[in-house]
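Examining the three-dimensional arrangement
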Amino acid sequence: MSPSIHFVKLKNPKVVITEWIPFGKNYMTEFIDRVTLREYQKKRIKYFTEVVDNLSTIESVFKASKYYTKVNIIDFEPEAYVKFIAEVDFEKEGIFQKKDVFIYVDYLGRCIYASEIENAEDEEGYISLDSLAFIIPDMIIDSSKMIKSLIASSQRYILETLYGQYKVYKHVSIITETIFEINENTLAEVRQVIGNIKRIIDIGEGKLIFGEFGLLLMHPNPKKFENFISCYSFIRSIVQSSQDLFFKLNNISTRLERLSNILTGKIDMETMGKLRNELSEIDKGLAVIEIVSGYLKEISSLMNEESYLLKFSGEDVE
């Protein structure tokens, strides 16, 4: 069997994953207090484990995950933003592994996770897009586990109501100094990591490739475009969150229509109990949608006032 042919290999690419989480200044203050443990002038390294509650009518069990995060604070501004390095220790297939991820969170709800892929496939530090396509999904799940252990329980409740245990969609940005030719073969591999290609823009000596799920930037000096990537990926995350709310509302509408059809016929007490439970779940979902819509409306107003995102000194992806 002949070895696989890789048309694109990148040298030590940086992968940046962006998502939006409802925050605001109150949540931001609590988040900073939590990751710094309110000891701003003392030890800057903290440990957090993923919280798992498994409750049933038969027994109540608390399980502490083997996955945990060591947090090293870099910088923060009260009520505004925090930057830190998360060293994640986790067990995979019986083997303990470590990952270092730079994380930036601000009160707008912008959450950025950046990691340089250093454990490449060859001695020169190159990794194929084929391999990156397998690494990125793990990074998305890992970032969900990290942030889940750090945010407030009410924020976890909002996310779990909308997305289940983990949020699968997040905007992916791949940043590289490696310049490769654009052709049918290379674009086929690019699609594996950022989805269907929407647009390709020339940026001097490099290119910006926009995909369905993210973008790929190749340029000899990619640092010039970090503010753009930060702002663009955040806006894309906001758009996706708005679409998620629409899909959730559409699902609730379908469920209500089905319940309405059931109520037109004869129903027994057991069915009535099930209907009440489902209506209670729908009511909880609508309450979460109302809360998230309020955050999105506030952010839209702020972004329309001025170039609001660029006012932060802490948004650079380092």
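Preceding this paragraph is the structure being described.
About the criteria used
- Position numbers for residues count from 1 along each chain, tracking the sequence in the order it is written.
- For this predicted model, a pLDDT threshold of at least 70 governs which residues receive local features, and a threshold of 80 or more governs which side-chain atom pairs are given and counted, while totals over whole chains, interfaces and linings are taken from all residues.
- The side-chain figures draw on all heavy atoms in the structure; neither hydrogens nor water molecules are used.
- Only protein atoms enter the 1 Å grid used here, on which a cavity is any set of points holding a 1.4 Å probe that cannot leave and a pocket is any open set flanked by protein within 12 Å on both sides along at least five of seven lines; residues with an atom within 4 Å of a point are listed as lining.
- Grid points are joined across faces, edges and corners, and a volume is the space filled by probe spheres set on the points.
- Strands here are runs of E lasting at least two residues and helices are runs of H or I lasting at least four, both read from the DSSP assignment and numbered beginning at the N terminus.
- Here the term charged refers only to Asp, Glu, Lys and Arg, the term nonpolar to Ala, Val, Leu, Ile, Met, Phe, Trp, Tyr, Cys and Pro, and the term polar to all other amino acids, Gly among them.
- Relative accessibility decides the category of a residue: with a 1.4 Å probe and only protein chains considered, values under 20% of the type maximum give buried, values over 50% give exposed, and everything between is partly exposed.
- The arc in question is the one traced by the directions running from the helix axis out to the C-beta atoms.
- Whether two residues are in contact is decided by their heavy atoms, any of which lying within 4.5 Å being enough.
- What qualifies as a polar contact is a pair of N or O atoms within 3.5 Å, subject to a donor-acceptor requirement within protein and to the restriction that residues adjacent in sequence count only when both atoms come from side chains.
- Here a Phe, Tyr or Trp ring, Trp counted by its six-membered ring, pairs with any other such ring whose centre lies within 6.5 Å, and the pair is stacked when the planes are under 30 degrees apart, edge-to-face when over 60, and tilted otherwise.
- When the NZ atom of lysine or the CZ atom of arginine is within 6 Å of a ring's centre and also within 35 degrees of its normal, the charge is said to sit over that ring.
- Each pair of strands is called paired provided DSSP finds at least two bridges between the two strands.

1. Quick look at empty space enclosed by the protein
A full pass over the atoms with the stated rule returns five cavities of 30 Å³ or more. Of the volumes computed, that of the largest cavity is approximately 130 Å³. Lining the largest cavity we find 15 residues, and of these S144, K148, L159, Q165 and K167 sit closest to its centre. Residue assignment for the lining of the largest cavity shows that the elements contributing at least two residues are α2 (129-148) and α3 (153-163). In terms of residues, the lining of the largest cavity owes the most to one element, α3, which gives four residues. In terms of residue class, the lining of the largest cavity is made up of six nonpolar, three polar and six charged. Its volume calculated, the second largest cavity comes out at about 70 Å³. Along its surface, the second largest cavity is lined by W20, F23, G24, Y107, L108, Y295, E298, I299 and L302.

2. Things to note about helix α4 (residues 184-194)
Along α4, the positions that sit buried rather than exposed are T186, L187, E189, V190, V193 and I194. In an axial view of α4, the angular spread of the buried residues amounts to 160°, which keeps them on one side of the axis. As for α4, its buried residues are in contact with α2, β9 (171-176), β10 (197-203), β11 (206-211) and β12 (214-218). Between a side-chain oxygen at the N-terminus of α4 and the backbone nitrogen of N185 the separation is 3.0 Å; the capping residue is N183. Looking at the residues trailing α4, positive phi occurs at G195, about 80°.

3. Points about the packing of aromatic side chains
Across all of its chains, the model carries seven aromatic pairs by this definition. For the pair F31 and F84, a centre-to-centre distance of 6.3 Å together with 40° between the ring planes defines the contact as tilted. Taken as a pair, F31 in helix α1 (residues 24-36) and F84 in strand β5 (residues 81-92) lie far apart in primary sequence, 53 residues in all. F31 gets classed as buried once you look at its relative accessible area, which sits at 2%. On the basis of relative accessible area, F84 is assigned to the buried category, the value being 0%. Linked through ring pairs, F23, F31 and F84 together constitute an aromatic cluster. In this structure, K25 packs its charged tip against the face of Y107, placed 5.3 Å from the ring centre.

4. Quick notes on the pairing of β9
In regular strands, side chains alternate between the two faces of the sheet. Counting buried positions along β9 yields six of six residues, so the element is predominantly enclosed. Here β9 shows no split at all, with H171, S173 and I175 on one side and V172, I174 and T176 on the other all buried. Sheet topology places strand β2 (residues 14-20) next to β9; five bridges connect them, and they run antiparallel. Considered in β9, the bridge of K14 is made with I175. The pairing of β9 with β12 spans five bridges and is classified as parallel. The residue bridging T176 from the neighbouring strand is M218, located in β12.

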